[in-house]
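For reference, the chains in residue letters:
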Amino acid sequence: MAATTTGFRCLNAPPLKQASRWFISASSRSFATETATPEPPAPKRRPTYFKDKLNAVPSFSEFVGLPDQPLSPEDALELRTAMVGPPGKKKQITRLPEWLKTPIPDNSNYKKIKKDLRGLNLHTVCEEARCPNISDCWGGNDKSAATATIMLMGDTCTRGCRFCSVKTSKAPPPLDPHEPEHTAEALSRWGLGYVVLTSVDRDDLLDGGARHFAETIMKIKQKKSEMLVEALTGDYAGDLEMVAMVAKSGLDVYAHNMETVEELTPFVRDRRAKYRQSLAVLEAAKKTVPSLITKTSIMLGLGETEEQLWETLRDLRKVNVDVVTFGQYMRPTKRHMKVEEYITPESFELWRQRALDMGFLYCASGPLVRSSYKAGEAFIENVLKKRKGVTILADEATGLKKAIV
């Protein structure tokens, strides 16, 4: 009987292993009166990289306790190279010189101008051509101190120059008939004293867009007659009647860029853009309205020689061009022609002085100078106001000083 009693087990009792697990879990429970205090999560550590160890190593001057010595002019202007690419396919590249590095545009005024342009469906050559001066021109303390070059007739060009990053197409979208009014409204709202208008080439149009350009200028003058307008136009396929139409629209400065010397023109510009044709455009604008200031721009660093530059300047003086600017060619992408040479600031200053000695009214010359250059515009604005008998508030030498980069 005792043996049978010892072996008896209730049918409703849980198995031994399950009972032991229940007992352990029950013993680990806290009472209802106790307050739970969760442990704070451990802070996440930033992963350590090899560059952190390199950056932590002091420089030699810090190691020996010596102050950093400034670079000599020769070292500062020396072009540095680097090897890039995967093993077995490395290639040597030339690093951008220090004098060509610009800050990334990021301020409130830059964002305001960009917002206004997008709201009115306007384009700027500053963005489309990836201009390095956009942070300087758009970054004034207020909109009246800023400069933005409005690009008319859309953002797609019918030509494909090897230095330019503007989009190209044989059949761009049709012109926006409201663009002249929107452009005039935006510029009058900003309260600028000097504006620059440019455009893409539109060889798909019978007049090349000359009437659209002239209409925009006339609407600007209607809204604000005292505003000075510079028009940077194309060559209208050599149609000088279209050039005369734009010249008589009421603008103050007629600009058309030569871009480079005659020998390099077939390799740099689109085949429809010719050196002698561009000279004829500048000459026709001056003959149509002799009081106009005519202006052109030349890129350096494409492989031109000194004698070729001298010849180009002589050709420009023969057709009475008033203003010339020199700037460094900078390759927009790897699909564009490469830079043959980075010109030093001293060489740019030399060519500025040479141009002035030849009789040009004004010359802006520097690595970051572009055809629409803020200091050049300030100088030209003063010249135009002088001609109109308006009191000059700023000294002309300021414009000259700013133009020397």
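Since the model is a prediction, treat every value here as computed from it, not as a measurement.

S.K.: Whenever I open this one, the overall build of the protein chain confuses me. Can you help?
M.R.: Each helix and strand counted, the protein chain has 17 helices and twelve strands in total. Counting all 405 residues of the protein chain, 43% fall into the buried class. For the protein chain, the share of sequence-separated contacts (at least 6 apart) that also reach a separation of at least 24 residues comes to 71%. Total accessible area on the protein chain is roughly 23,600 Å²; 56% of this is exposed by carbon and sulfur atoms.

S.K.: How do you make sense of unusual backbone geometry when you look at a structure like this?
M.R.: With the exception of glycine, the majority of residues adopt a negative phi angle, and the majority of peptide bonds are in the trans configuration. Of note in this structure, methionine 153 is not a glycine but carries a positive phi near 65°. Tracing the chain through its elements places methionine 153 in the loop between strand S4 (149–152) and strand S5 (156–157). Phi is positive for tyrosine 236, close to 50°, though the residue is something other than glycine. When you line up the elements, tyrosine 236 lands in the loop between strand S8 (228–232) and helix H11 (240–247). Among the residues examined, tyrosine 236 registers a relative accessible area of 8% and is labelled buried.

S.K.: Would you mind going over the confidence of the model for the protein chain with me for this structure?
M.R.: Any region with low pLDDT has predicted coordinates that should not be read closely. Looking at the protein chain as a whole, the pLDDT averages 76, with 59% of positions reaching at least 70. Confidence drops under a pLDDT of 50 for residues 23–28, and excluding neighbours within four residues, the segment shows zero contacts in the predicted structure. Considering only residues more than four positions removed or in separate chains, one finds that residues 391–405, a stretch of pLDDT under 50, has 30 contacts.

S.K.: Explain the state of the cysteines to me, please; I cannot follow it from the model alone.
M.R.: The term disulfide refers to a covalent linkage connecting the sulfur atoms of a pair of cysteines. Evaluation of the coordinates by the stated rule reveals zero disulfides. Free of any disulfide, cysteine 157 has its nearest neighbouring cysteine sulfur in cysteine 164, separated by 6.7 Å. Taking relative accessible area as the criterion, cysteine 157 reaches 10% and is therefore assigned buried.

S.K.: Honestly, the packing of helix H10 (residues 210–223) against H11 in this entry has me stumped. Any pointers?
M.R.: What describes two packed helices is the angle between their axes and the distance between those same axes. The N-to-C vectors of H10 and H11 enclose an angle of 10°; their axes lie 9 Å apart at closest approach. By the angle class used here, H10 and H11 are roughly parallel. Residue-level contacts link Ala210, Arg211, Phe213, Ala214 and Ile217 of H10 to Met242, Met245 and Val246 of H11. When the residues that make up the contact of H10 with H11 are grouped by side-chain class, the tally is seven nonpolar, no polar and one charged.

S.K.: Hey, could you run me through the environment of valine 253 in this one?
M.R.: Considering the arrangement of structural elements, one finds valine 253 in strand S9 (residues 253–255). Overall, valine 253 belongs to the buried group, its relative accessible area being 0%. Between the C-alpha atoms of valine 253 and valine 323, which are 70 residues apart in sequence, the distance is 9.8 Å. Other than its neighbours up to four places away in sequence, valine 253 contacts Tyr194, Val229, Glu230, Ala231, Leu292, Ile293, Lys295, Ile380 and Leu384.

S.K.: Where do I start with the packing of aromatic side chains in this structure?
M.R.: The description of an aromatic ring pair rests on the distance of the ring centres and on the angle between the ring planes. All chains considered together, the criterion is met by two aromatic pairs. Note on phenylalanine 326 and tryptophan 351: the rings are 6.2 Å apart at their centroids and 45° apart in plane angle, and the pair reads as tilted. A residue pair is termed long-range when its members are at least 10 positions apart, and phenylalanine 326 in strand S11 (residues 323–328) and tryptophan 351 in helix H15 (residues 345–357) qualify at 25 residues. Since its relative accessible area comes to 1%, phenylalanine 326 is described here as buried. One aromatic cluster in this structure is built from Trp310, Phe326 and Trp351. One Lys or Arg, arginine 317, reaches over the ring of phenylalanine 360 and ends 5.1 Å from the middle of that ring. Arginine 354 extends its terminal NZ or CZ atom over the ring of tryptophan 351, reaching a point 4.5 Å from the ring centre.

S.K.: What should I look at first to understand the side chain of threonine 216 in this one?
M.R.: Examined against the element boundaries, threonine 216 turns out to sit in helix H10. Reaching out from threonine 216, the side chain makes a polar contact with the backbone oxygen of histidine 212 at a distance of 2.9 Å. Look past the residues within four positions of threonine 216 in its chain and what remains in contact with it is Leu152, Pro180, Thr183 and Leu197.

S.K.: In this structure, what is going on with H15? I would like to understand it.
M.R.: Note that an α-helix has 3.6 residues per turn; residues three or four places apart therefore point the same way. When the terminal C-alpha atoms of H15 are compared, their 19 Å separation across 13 residues agrees well with the 18 Å that a helix rising 1.5 Å per residue should span. Those residues of H15 that fall on the buried side of the exposure criterion are Pro345, Phe348, Trp351, Arg352, Arg354 and Ala355. Where H15 terminates, the next one or two residues include glycine 359, which has phi positive at roughly 110°.

S.K.: Mind showing me how you'd approach the packing of helix H9 (residues 179–190) against H10 here?
M.R.: Interaxial distance between H9 and H10 falls to 8 Å at its minimum, and their mutual angle equals 35°. Between H9 and H10 the crossing geometry is right-handed. Residue-level contacts link Glu179, Pro180, Glu181, Thr183, Ala184, Glu185, Leu187 and Ser188 of H9 to His212, Glu215, Thr216, Lys219, Ile220 and Lys223 of H10. Within the contact of H9 with H10, the residues separate by chemical class into four nonpolar, four polar and six charged.

S.K.: Can you help me understand the side chain of threonine 156 in this one?
M.R.: Residue position: threonine 156 is located in strand S5. Of note is the side chain of threonine 156, whose polar atom sits 3.2 Å from the side chain of aspartate 155. Those residues within four positions of threonine 156 in sequence are excluded, and the remaining contacts are Lys167, Thr168, Ser169, Pro172, Pro173, Val200 and Arg202.

Definitions and limits used
- Residue positions are given per chain, counted from 1 along the sequence in the order it is written.
- Whole-chain, interface and lining totals are the exception, using all residues; otherwise, since this is a predicted model, local features are given only for residues with pLDDT of at least 70 and side-chain atom pairs are given and counted only at 80 or more.
- Hydrogen atoms and water are omitted, and side-chain values are computed over all heavy atoms in the structure.
- Only runs of H or I of at least four residues qualify as helices and only runs of E of at least two qualify as strands under DSSP, and these elements are numbered from the N terminus.
- Under the scheme applied here, a residue whose accessible area is under 20% of the maximum for its type counts as buried, over 50% as exposed, and between as partly exposed, the area being computed with a 1.4 Å probe on protein chains only.
- By definition in these notes, contact holds between two residues if any of their heavy atoms fall within 4.5 Å.
- Residue exposure ignores everything except the shown protein chains as possible cover, and the areas themselves are Shrake-Rupley values with a 1.4 Å probe.
- Values of pLDDT, which run from 0 to 100, indicate the predictor's confidence residue by residue.
- Note on terminology: disulfide denotes any pair of cysteine sulfur atoms within 2.5 Å.
- Helix axes are fitted to C-alpha atoms over the stretch in contact, other axes to C-alpha atoms as well, and angles between N-to-C directions run from 0 to 180 degrees.
- Here the angle decides the label: under 35 degrees means roughly parallel, over 145 means roughly antiparallel, 65 to 115 means roughly perpendicular, and every other value means oblique.
- Polarity classes work like this: nonpolar for Ala, Val, Leu, Ile, Met, Phe, Trp, Tyr, Cys and Pro, charged for Asp, Glu, Lys and Arg, and polar for all others, with Gly in that last group.
- Here the aromatic set is Phe, Tyr and Trp, taking the six-membered ring for Trp, and pairing holds for ring centres within 6.5 Å; pairs whose planes are under 30 degrees apart are stacked, those over 60 apart are edge-to-face, and all others are tilted.
- Whether a charge lies above a ring is judged from NZ of Lys or CZ of Arg, which has to be within 6 Å of the ring centre and within 35 degrees of the ring normal.
- Two N or O atoms form a polar contact when they lie within 3.5 Å of each other; inside protein one atom must be a possible hydrogen donor and the other a possible acceptor, and for residues adjacent in sequence the pair counts only when both atoms belong to side chains.
- How far a helix is expected to stretch is found by multiplying one less than its residue total by 1.5 Å.
- Crossing chirality is assigned from the near helix's rotation relative to the far helix, an anticlockwise turn below a right angle marking it left-handed and a clockwise turn marking it right-handed.

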